[in-house]
Amino acid sequence: MSVDMTQTPVLQAKRLVKRYGSVTAIDHAEFELYPGEILAVIGDNGAGKSSLIKALSGALVPDEGEILLDGKPVSFQSPMEARELGIETVYQNLAVAPALNIADNLFLGRELRKPGILGSVFRMLDKKAMEERARAKMQELGLLTIQNINQAVESLSGGQRQGVAVARSALFGSKVVIMDEPTAALGVKESRRVLNLIKEVRDRGLPIVLISHNMPHVFEVADRIHIHRLGKRAAVVTPQSHSMSDAVAIMTGAMEVDESTEAA
Amino acid sequence: MSSTNSQSANDKVAEHDKVADQAGTYVAQFESKGSLVHRFQKFLHQYPVAAPLIVLILAIFGFSLIVGDRFLHPFNLSLVLQQVTIIGVIGIAQTLIILTAGIDLSVGAIMVLSSVVMGRMAIDYGIDPSLALLIGLATGAITGFINGTLITRLKLPPFIATLGSWNVFFALNLWYSKSETIRSQEIAANAPLLQWLGETINLFGARLTYGSILMLLLFVVIWYALNWTAWGRHVYATGDDPAAAKLAGIRTDRVLLSVYVLAGVICAVGAWVLIGRIGSVSPQAGYTTNLDSITAVVIGGCSLFGGRGSIFGTLVGALIVGVFRNGLALAGVDVLWQEFTVGILIIVAVGADQWIRKGTA
């Protein structure tokens, strides 16, 4: 899938800075995500990629710089504000409540209430509507193996839990889905399912930011690869233009890339 | 021995199948792999109130065999209900807090302090009893707010925060009451509203106090709030996995604060029930309520790790303790063996909780 870079980026960051005391976690970093693409973000431990992602998902407020959503400057003080603008994040630690069931988890923090007086005065949840929408979304994403939408998330396998987290982001994410190491805790088979799920979400029109350490996974699903190093973007490559060892070399500083030449 | 074991296992399975059939089709879809014991374990895990309910039914059955008709008489059963009313009300407050993975050691002190405030306002200051009642409820809210603030703002562990506030509230209670009891006759003459919950209605030989009815209503209201409102889901999520709840956009500090304030108000309702039950206002009353409420919650199957349990489990837990105490007393067993039994019940309940939770690990 080729990325149309003449379009306005869906999500863009310009010269972001975040300092913790004397440590500069984000050092004038640039970032662009275009419509319909899977953009992988890779970088060595401590390169500052998780700080960058936190800034983009609202979990961290940058000291300087600008974040643009559909070309318009935005600033979020919390992940909730980012979510309200259509940026959904699937966190590494899954961020699902194990004792709650699938439907409860999908709608956690955004519950639907019954129409009329039951909802407005008695604040009654519309469990049926939530179950139906949850089931429809799980089916749409091919998560048919999960039959019982009322089963507790803790009774699911790691891959299925990841599926729940991805389904939640696809259910509410209207602009961007950010996925932080979605396959890190999974086995081979389950990783495969989640990668297919990621492509499925992209094919439904949602651009995805994929943070991963797993090079084969990155090279399999990403349209472009943002390589982060020393708090800023070192390069953006594609799986076609560069090999995995090139990417690792750029990541570790063994290879220098002139950003102006590779951007095309 | 083996025949009785398989007999009870069969009963359990039969019961399991019956309930599973009634509960709708989706329940039957969980993987039915594994042994019958494993399926029973899963069933108990899915319905946290089932285990204590089985114990309660067995206890009632057992005592009716040992003690005879005296135990099953409606009057005696309503007596059990009266005896567990205060523990039940305070247990509701404690359940809310334990669901958030907290614990409140100050519930008893809040109750007594609120009752003293109600009594002094109405008797010593001659304020209208209904206003005195409201001021008492506000006392509960304020003390709960203090607990909640210590926990959410100063990030104190609930155990430590409420261990401290327990002592503080208890000392305030002694100071404000001047360690004096307000006599029952005085309250009856000047503020009968405060004793209103002690009044009874007769129902087929059972004597139900208004306090018991209020307790049951409170259980229904809190059950609704926990299961049918977003707030309730957030309480469970906050106790289950606070990090996940936060990432889902839940303001867990607000949820916690609301839980502690609500628990404080419920404790103050408990104060009203307490005055109805003992008639007087005593700064020394309800000294064991703290630990008794935790006992009811734990026997009721609530996990001390938060996020798991049912509010009706606490009612059943309180009733189990009440039934054991009453049944053993009727059987002529020394009080010390009642305490012994309650202790064993707690240990068995927590052991069972661990075993049940292993079912899905």
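Just so we're clear, the structure is a prediction, and the values are computed from it rather than from any experiment.

## So, the domain arrangement of chain A
Residue and element names in this part refer to chain A.
Argument step 1. Taken domain by domain, chain A holds domain 1 (11–94 + 153–262) and domain 2 (100–151).
Argument step 2. Averaged C-alpha coordinates put domain 1 and domain 2 at centres separated by 28 Å.
Argument step 3. At the interface, 18 residues of domain 1 touch 18 residues of domain 2.
Argument step 4. The junction of domain 1 with domain 2 conceals about 1700 Å² of combined surface from both sides, 64% of it contributed by carbon and sulfur atoms.
Argument step 5. The largest per-residue losses of area from domain 1 upon contact with domain 2 belong to Val153, Leu171 and Phe172, which jointly make up 30% of the total buried on that side.
Argument step 6. The tally of links from domain 1 across to domain 2 stands at two salt bridges.
Argument step 7. For Arg204, the salt bridge is made with Glu140, and the minimal N-O distance between the two is 3.0 Å.
Argument step 8. One can count six residue pairs in polar contact (both at pLDDT 80 or more) joining domain 1 with domain 2.
Argument step 9. At the level of elements, α2 (79–84), α6 (158–172) and α7 (188–203) are the ones that each hand at least two residues to the side of domain 1 that touches domain 2.
Argument step 10. When residues of the side of domain 1 that touches domain 2 are assigned to their parent elements, the largest contribution, eight residues, is made by α6.
Argument step 11. For the side of domain 1 that touches domain 2, the class distribution of residues is ten nonpolar, three polar and five charged.

## Section: the layout of surface pockets
All names here are of chain B.
Argument step 1. Estimated volume of the second largest pocket: approximately 400 Å³.
Argument step 2. If you list the elements that add at least two residues to the lining of the second largest pocket, you get α5 (74–99), α13 (252–278), α14 (289–299) and α15 (311–330).
Argument step 3. With six residues, α15 is the largest single contributor of residues to the lining of the second largest pocket.

## Focus on the interface of chain A and chain B
Argument step 1. Of the residues lining the interface, 26 residues belong to chain A; the matching set on chain B comes to 23 residues.
Argument step 2. Between chain A and chain B the total buried area reaches about 2200 Å² when both faces are included, carbon and sulfur atoms providing 58% of it.
Argument step 3. Among the ionic pairs, Asp104 of chain A bridges to Arg233 of chain B, the shortest N-O distance being 2.5 Å.
Argument step 4. Counting across the interface, chain A meets chain B through ten residue pairs in polar contact (both at pLDDT 80 or more).
Argument step 5. For the side of chain A that touches chain B, the class distribution of residues is 13 nonpolar, six polar and seven charged.

## Remarks on the UniProt feature "transmembrane region" (unreviewed entry) in chain B
Residue and element names in this part refer to chain B.
Argument step 1. Using the residue numbers shown here, the UniProt feature "transmembrane region" (unreviewed entry) corresponds to residues 49–67, 79–99, 130–150, 156–176, 208–226, 255–275, 296–324 and 336–356.
Argument step 2. Its end C-alpha atoms 29 Å apart, residues 79–99 is made of 100% helix and 0% strand.
Argument step 3. Annotated as 89% helix and 11% strand, the span residues 208–226 places its first and last C-alpha atoms 26 Å apart.

## Here's the deal with the nonpolar core
Argument step 1. In terms of nonpolar packing, the biggest core is built from 91 residues, with Leu194, Leu226 and Ile266 of chain B touching the most fellow members.
Argument step 2. At 13 residues, the largest contribution of residues to this core is made by α5 of chain B.
Argument step 3. Counting 35 residues, the second largest nonpolar core, distinct from the first, contains Val90, Met130, Leu156 and Val194 of chain A.

## Points about the pattern of salt bridges
All names here are of chain A.
Argument step 1. Counted under the stated rule, the structure contains 21 salt bridges over all chains.
Argument step 2. The salt bridge partner of Lys18 is Asp63, with a shortest N-O separation of 3.7 Å. You can see Lys18 sitting in strand β1 (residues 11–20) and its partner Asp63 sitting in the loop between α1 (49–57) and β4 (64–69), a full 45 residues away along the chain.
Argument step 3. Glu200 is paired through a salt bridge with Arg204; the nearest N and O atoms lie 3.1 Å apart.
Argument step 4. The class for Arg204 is partly exposed, based on a relative accessible area of 45%.
Argument step 5. Among the charged side chains, a salt-bridge network with shared partners connects Lys137, Glu140, Glu200 and Arg204.

About the criteria used
Residues numbered from 1 in each chain as written. Chains lettered and ligands numbered in written order. Predicted model: local features only at pLDDT ≥ 70, side-chain atom pairs only at ≥ 80, totals over all residues. Heavy atoms only, no water. Domains from an automatic or database assignment. Contact = heavy atoms within 4.5 Å. Buried area = accessible area lost by both parts, 1.4 Å probe. Salt bridge = Lys/Arg side-chain N within 4 Å of Asp/Glu carboxyl O. Polar contact = N/O pair within 3.5 Å; in protein donor to acceptor, adjacent residues only side chain to side chain. Helix = DSSP H or I, 4+ residues; strand = E, 2+ residues; numbered from the N terminus. Nonpolar A, V, L, I, M, F, W, Y, C, P; charged D, E, K, R; others polar. 1 Å grid on protein atoms, 1.4 Å probe; cavity = no way out; pocket = protein on both sides within 12 Å on 5 of 7 lines; lining within 4 Å. Points joined across faces, edges and corners; volume = space filled by probe spheres on them. UniProt positions renumbered as here; feature names shortened; annotations may be inferred. Core = buried A, V, L, I, M, F, W, Y, C linked by side-chain atoms within 4.5 Å. Buried < 20%, exposed > 50% of the residue type's maximum accessible area, 1.4 Å probe, protein only.

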